[in-house]
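Below are the chains, spelled out letter by letter.
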Amino acid sequence: MKTVLVTLLRRMPMPIIAMLVGLLVGLAVWGVLDQVQSAAVEQIFHKELRARLDLRSRESLIRFNQAMTNYAATTRLLANHRRLAQYLEPLFWFPEEAIEPVVYAGFRPFWLPDFFERNAQLTPSHVLLVDSRGQVREIYQSGPEPVPGELLSHTNQWVSSSSEVQTVLGRFGTQPYLVVSDRVEDAGGYLMGSLVVVVPVNAEFLAASEGAVSADRSAVALIDADEQRILASNEPDFLVPGTPLEQFRDDFLITSQSLPDYEGSNWNMLFATFIHHSSVAKMSARVVNFERQQRLIAAAVFVCVFTLLIYLVSARLNKVLKRMSRFSQRALGIAQPGFQRGGNQLLMLEEWIQHFTFLVLRARDEMSRRHEHQLRATEALKAAIMEASLDAIVTLNREGRIIDHNPTAETMLGFDPAAIIGDDFARRFLDPAEHAAFVGMLLESIRTGPGGGRPHARGELWAQRANGARFPVELSIVPIDIDGARVYTLYIHDATKRKRAEREIKGLARFASESPNPILRVTGDARITYANAASEPLMQAWGTTPGAPLPPAWAAEVDAALTSGCNREHEDDQGGQIYHLLFVPIPDLGYVNIYARDTTAVRRAEQESRQHQAELVHVCRLSTLGEVATGMAHELNQPLSAIVNYANGASRRLQSGIGDSHALVDAMGQISSQAQRAGEIIRRLRALVGKQPPIRSAVDINYLVREVCGFVQFETSRLELQIDLDLAAGEIPVDVDLVQIEQVLLNLVRNAIDALAERPLGERILSIRTELYQGDALVSVRDNGPGIPPERMEHLFHPFYTTKESGMGMGLAISQTIVENHGGRIRAQSQPGVGSVFAIQLPVAAVAAEAAADAAETVPAAPPPPAAARGERRPLTETLSSTES
Amino acid sequence: MHTEANVFVVDDDEAMRSSLKWLIESVGMQVHTYESAQAFLDAYYPGRAGCLLLDVRMPGMSGLELQAYLVRREIRLPVIIITGHGDVSMAVKAMKAGAVDFIEKPFDDEALLGSIRNALQYDEKQRALRAQRADIAARLAELTPREHEVMNMVTDGKSNKEIAAALGVSAKTVEVHRARVMDKMRADSLAELVRLVLIARGGTT
């Protein structure tokens, strides 16, 4: 079944199918629309009809109202008419109990002009003239009917009580009436009576009210609302008054409305409009039919247009198919169209597309295989280049984020390759100050280079590694556009080494020129080829300039240095300046480099140092002197006091006359001896202070020792110690500055005395020994004080090293200087708890050296003495060399 | 001038010793010289009147040491310190230890001799006081315990009746004791008795 259908479809050409489909669809559309639209149309029609009816009934009511209003207007006109005023002016009605009104039956009284006829209104059945007390005086009767009794009996109820016209719908018997009344007043506003117009509301009235305007003759009626009965109608033939309303409900559409303006009546009346059902149904059917016809036409048009459209499309498809087969034959080289001609073009198109797709896929596979192969080769090449590149290669996307990099970049910038993709390159790896420059390079790189070269940018920047270290790089940026997206390839070359090398070369070149010392280069014939800035004074001193030759003496020296090939050193003393010169030959080039050094300051410093030392020695001497002198001054006090006492005692005796001359003479002798004692002290003091000029002279060392002992006599006696002198038997002459060596000895002795102060009384031993030792004079000062701790020994001769509370710490340092200036040595040895030995060794005076040697020969027992006799002193002295300075 | 005025001079310097002796003897005082503190201590026996001239700086026992020694031994010899140089701290030390004067070498003879005289007077006064105190002490020793009680109360200013009430004896008995105290203390009046008691208790006259 299905295959049959498919074959059928294939065989059928497109226009036929289109026509069939169009018909089918048209029918379907029509069928569906007919159902839906008919119902909708009917609904709309009914709604519309309802509205129309409503409108019509409202119009009817308005017309009815209009008619009544017209009566009211006419009534007012009559009530104010000149004739009525004329008529009533001379008339006077007496108030009486019962009066018979004057009836004008069938003719019009004077006061009633024929306004009703003139206004095309029905003539009222009655017009009543009522006096001001409400009694009916005159009646105009147009028809045969008399005035309804109910109206006459209750006239007041119907007469207008205000200045307005009163219009009331009333019912007398079964007949509804319109009762209109108005007041009649004279020119002064005086109430003369009322005019009452009575109009029966019957078929005639209704027809008159409606008929004038309405064309479709809809029926209207007044209805008693309580009884649901018709009171009056304009079609009394079928709407018979008195008939209940129920009878008409099947045949008519009834719209009833209240009469709001006339509610003053005692009757509940409604105004009803009647429209016959048949006329409504007829109109509805007509509308539905018309609609149906329209739909049919629409369906037919639809089918035609649809079919035509499909036909056109299929014709176009045929053309396209032909073109495609031609295209496929040409482009892909497919011989067969791959489908049969004739038949359903859509199916043919489908088959062809399938076939074509298959062919294209096959072709694409083939191409992609080829392309992939090529790509792999390119990739391998690129990877090799990236891997092997000595420069870091980083690829950035348009936003400057890293999308690729090579291993060199990893090592150069020192980042973690796992977490680097997507990072902002500039922020991570460029010095913050270089960001602007980098952005500038990016912008520059996309401009085409001069001469149409490939766009790129080069520059030098400061990069920073992941650990924050800055380093200079050379950066080359090449923009690449791939699939419309731009990426930048950065080639980063670490320029640290190159920069450093440049700096080093620059630095080396500056060596000579920066040197504060004169550096010159001269040729073999002693011409200056180079001289640095510092050599200016030297050249001035030599009287030469760059390019000029050196003075002849130094030219010879240059020649000598070149021929020997060895460095030569000289000192050039020019009186004011002293230069040290180093001649370095460069045989390969035939040059000699001269390195000069201004040693003036050094020489001067040496000289000044010597002078300062001498001054320092002097200062120390004075200091020592001061201390010694204080002691001596005390001592001087003793004889002076004694002299004063003797003198005072003698003078008292002489005054009182008790002294015998013998005793007085004795006292005088005492005075003179004490004065001599004082003189002796002063002599010692002078001996210490007076020897000022530093003159070397040959002097016996023993003499010096004795003198020094004299200086400290006061102090030794105070400490109750006896200096144990162990002096050499013969003279040991030394060629020394007497004062300076005395000071040295004094220093040593005083140090020993100070050390002994800590020893208890009676245990203090201070001994001084002189001897010839290895051809030199040796003086050793020994004490049995507390000794010097080993750690202090090494500082002993350092300036300003002291253990005393008072004292500069200069004593030993100065002593050492003095002794060394004399070509001697000073040594110290100490054993804590046992004592210390200080020894000075001085060369024996040259003139006396021979004699001393003779003396040593003649007195063999003196040096060296037997160890047993000397006790432990000998080994101490022998080991002194261990601490000698 | 007291005939027994002894001036003891201790100085290590011979010239100083003999010159001082010569000077002081010129005003008629007896001078004894010693070359060291030890020599003085060997020769001196307590009770000898006089004053002591002491050199501060001497080998062995120094002047200040000797002064301290004498104070410890209760030898109340007035001490004059002589020194070769004005050493304020030493002077203060000596004066604190009870020296009467401190004289610097070389001496103004008037100052030295005036100082010596003052010291001798002071010594004499002290000696007299000490002798009186010993005498009163001997009289006090003669009193019986009851007489002691009565005497203390009398010198405290109590009347015979008060004393009688306090001791539980009759006023008559107190009168007898009181007369006996006056007799033994060789006091003529109550005022005299009070004075003697004050001296005995260590007050000065």
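Residues numbered from 1 in each chain as written. Chains lettered and ligands numbered in written order. Predicted model: local features only at pLDDT ≥ 70, side-chain atom pairs only at ≥ 80, totals over all residues.

What is the right way to read the overall build of chain B from this model?
Of regular secondary structure, chain B possesses 9 helices and 5 strands. Order of helices (α) and strands (β) in chain B, N terminus to C terminus: β-α-β-α-β-α-β-α-β-α-α-α-α-α. The 205 residues of chain B split such that 29% are buried. Considering only intrachain contacts with a sequence separation of at least 6, the fraction spanning at least 24 residues in chain B is 60%. (Helix = DSSP H or I, 4+ residues; strand = E, 2+ residues; numbered from the N terminus. Buried ≥ 20, exposed ≤ 12 C-beta atoms within 10 Å, placed from the backbone. Contact = placed C-beta atoms within 7 Å.)

Is there a simple way to explain the sheet that holds strand 5 (residues 175-185) of chain A in this structure?
Each strand in a sheet pairs with its neighbour through backbone hydrogen bonds, running either in the same direction (parallel) or in the opposite one (antiparallel). Residue and element names in this part refer to chain A. One open sheet holds the 6 strands; their spatial order is 1-3-2-6-5-4, and the pairing between them is mixed. Both outer strands of the open sheet, strand 1 (102-105) and strand 4 (166-172), are each paired with one neighbouring strand and no more. Looking at each pair of strands side by side, their axes are set apart by 20° on average, direction ignored. (Pairing = 2+ DSSP bridges. Axes fitted to C-alpha atoms, helices over the stretch in contact; angles between N-to-C directions.)

Can you help me understand the packing of helix 7 (residues 160-167) of chain B against helix 8 (residues 171-184) of chain B in this one?
Describing two packed helices takes the angle between their axes plus the distance from one axis to the other. Residues and elements named next belong to chain B. Remark: helix 7 packs on helix 8, axes separated minimally by 8 Å, with the N-to-C direction vectors making an angle of 110°. Classed by the angle they form, the pair helix 7 and helix 8 counts as roughly perpendicular. Contact with helix 7, carried on its side by N160, K161, I163 and A164, involves A171, V174, E175 and R178 of helix 8 and no other residues of that element. (Parallel < 35°, antiparallel > 145°, perpendicular 65-115°, else oblique.)

What's the story with the sheet that holds strand 8 (residues 229-233) of chain A in this structure? I'm lost.
Residue and element names in this part refer to chain A. Strand order in the open sheet formed by 4 strands is 8-7-10-9, with antiparallel pairing between adjacent strands. Both outer strands of the open sheet, strand 8 and strand 9 (252-258), are each paired with one neighbouring strand and no more. Across the sheet, the mean angle from the axis of one strand to that of its neighbour is 35°, orientation sign disregarded. Bridging between strand 9 and strand 10 (residues 269-276) involves 7 bridges; their strand directions are antiparallel.

Please clarify how unusual backbone geometry should be interpreted in this entry.
When glycine is set aside, most residues are seen to have a negative phi, and most peptide bonds are trans. Of note in the backbone geometry, A526(A) takes a positive phi value of approximately 65° without being a glycine. With 20 C-beta atoms counted inside 10 Å, the residue A526(A) sits in the buried group. One non-glycine residue, E74(B), adopts positive backbone phi at about 60°. Assignment of secondary structure puts E74(B) in the loop between helix 3 (63-72) and strand 4 (79-83). Assessed through the 7 C-beta atoms surrounding it within 10 Å, E74(B) is described here as exposed.

Even after reading the chapter, I still don't get the pairing of strand 20 (residues 591-598) of chain A, so can you show me in this structure?
The side chains of a regular strand alternate between both faces of the sheet. Residue and element names in this part refer to chain A. Pairing analysis gives 4 bridges linking strand 16 (residues 519-522) to strand 20, with the strands arranged antiparallel. Paired with R521 across the bridge in strand 20 is N593. Across 8 bridges, strand 19 (residues 578-586) lies against strand 20 in antiparallel orientation. Paired with V584 across the bridge in strand 20 is N593.

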